[in-house]
Amino acid sequence: MTRLFPTWRGRRRWTVLALCAVLAALPVADRVAAGVAEERIADRVAAVSTAVVGTPQVRIDGFPFLLDAARGTFPQVSVRADAVTSEEQPVSAAIELHTVTEKAGTYTAASADGQFTVPLDSLGGGSDGSASFSADEDGRLRIEGVRGLPLTVTAELRLTGRTITAVPVSASFAGRPLDPSAPRIARAFAERDRVVPDLPAGLSPTEVTVGESGVTVHARGEDVRLG
């Protein structure tokens, strides 16, 4: 006898297949929704900092995104952006936003940690442009060809408030050791103090480090608002 209706097993099989299809589609829909939110945050970041070049890269961590979106809170948002200082130096910015909430189109982070890196090859060597910069194994700045002379100085970078100071710890002239505290060296480096400009979203500098990628200013902020 021909069955006019699907069997119980057949109905269950189709139900399972339909459920699997829905579950398989959920991660795709979740990622699409996250992508839309990431674009909105990228627009906010670009709007609050005129120094940003191009479109920032934003990543919202956590899954499922849709559940976090329904709650209006995201555990962590990562932002990467390229910028240019007022002195035309390129800067790579990386900011981690923690516990980000959205309300009426405004995003607020409970706290944020940032790193702003200036490449070593963009530091320049003064008016003659002859000095070269590199990082030594102890995280100090090595400068060769100071003022166009065969003078090499290794300096520690220190942050006081918003001012970065280079303090010579060793020096040599044409391979011969010099006293790094000699007056001529001290005068040369007294001119190299730099004030950290205003950072995005009101972040405050906390530390300065030197590495292969460049000189990095570390910063932190509380109750950070984007837009």
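Per an unreviewed UniProt entry, the recorded name for the protein is DUF2993 domain-containing protein, and the organism is Streptomyces achmelvichensis.

Caption draft 1: Spatial organisation of the overall build of the protein. Of the regular secondary structure elements, the protein holds three helices and twelve strands. Within the protein, the fraction of its 227 residues that count as buried is 35%. Counted over contacts in the protein with a minimum sequence separation of 6, partners at least 24 positions apart contribute 44%. Summed over its atoms, the accessible surface of the protein is roughly 13,900 Å², and 55% of this surface lies on carbon and sulfur atoms.

Caption draft 2: Region of the structure containing the pattern of salt bridges. Taken as a whole and assessed by the stated rule, the structure comprises nine salt bridges. Note that Asp113 and Arg220 form a salt bridge whose closest N and O atoms lie 2.7 Å from each other. Highlighted residues: Asp113 in strand S4 (residues 106-118) and Arg220 in strand S12 (residues 214-226), separated in sequence by 107 residues. Given a relative accessible area of 30%, Asp113 falls into the partly exposed group. Glu156 serves as the salt-bridge partner of Arg158, at 3.1 Å between the closest nitrogen and oxygen. For Glu156, a relative accessible area of 29% corresponds to the partly exposed category.

Caption draft 3: Structural view of the layout of surface pockets. Size it by volume and the second largest pocket reaches roughly 280 Å³. Together, 13 residues line the second largest pocket, and Arg147, Leu149, Leu151, Arg184 and Ile185 are the ones closest to its centre. A total of four residues in the lining of the second largest pocket trace back to one element, the largest contributor, which is helix H3 (residues 183-190). Partitioned by chemical class, the residues of the lining of the second largest pocket number eight nonpolar, no polar and five charged.

Caption draft 4: Summary view of H3. Residues of H3 that are buried: Ile185, Ala188 and Phe189. Along the long axis of H3, the arc covered by the buried residues comes to 90 degrees, so they all point the same way. In this structure, H3 carries Pro183, Arg187 and Ala190 as exposed residues pointing more than 90 degrees from its buried face. If you follow the buried residues of H3, they end up packed against strand S6 (141-144), strand S7 (151-160), strand S8 (163-173) and strand S9 (176-178).

Caption draft 5: Up close: the pairing of strand S11 (residues 204-211). Bridging between S11 and S12 involves seven bridges; their strand directions are antiparallel. In the sheet register, Thr209 faces S12, and the bridge partner there is Thr216. Where S11 folds back on S12, the antiparallel hairpin that results is connected by two residues.

Caption draft 6: Summary view of unusual backbone geometry. Phi at Ala174 takes a positive value of approximately 55 degrees, unusual for a residue other than glycine. Ala174 gets classed as exposed once you look at its relative accessible area, which sits at 55%. Phi at Asp223 is positive, roughly 50 degrees, even though this residue is not glycine. The topology assignment puts Asp223 in strand S12. Since its relative accessible area comes to 45%, Asp223 is described here as partly exposed.

Conventions used here
Residues numbered from 1 in each chain as written. Predicted model: local features only at pLDDT ≥ 70, side-chain atom pairs only at ≥ 80, totals over all residues. Heavy atoms only, no water. Helix = DSSP H or I, 4+ residues; strand = E, 2+ residues; numbered from the N terminus. Buried < 20%, exposed > 50% of the residue type's maximum accessible area, 1.4 Å probe, protein only. Contact = heavy atoms within 4.5 Å. Areas by Shrake-Rupley, 256 points an atom, 1.4 Å probe, with all protein chains shown as cover. Salt bridge = Lys/Arg side-chain N within 4 Å of Asp/Glu carboxyl O. 1 Å grid on protein atoms, 1.4 Å probe; cavity = no way out; pocket = protein on both sides within 12 Å on 5 of 7 lines; lining within 4 Å. Points joined across faces, edges and corners; volume = space filled by probe spheres on them. Nonpolar A, V, L, I, M, F, W, Y, C, P; charged D, E, K, R; others polar. Arc of directions from axis to C-beta. Pairing = 2+ DSSP bridges.

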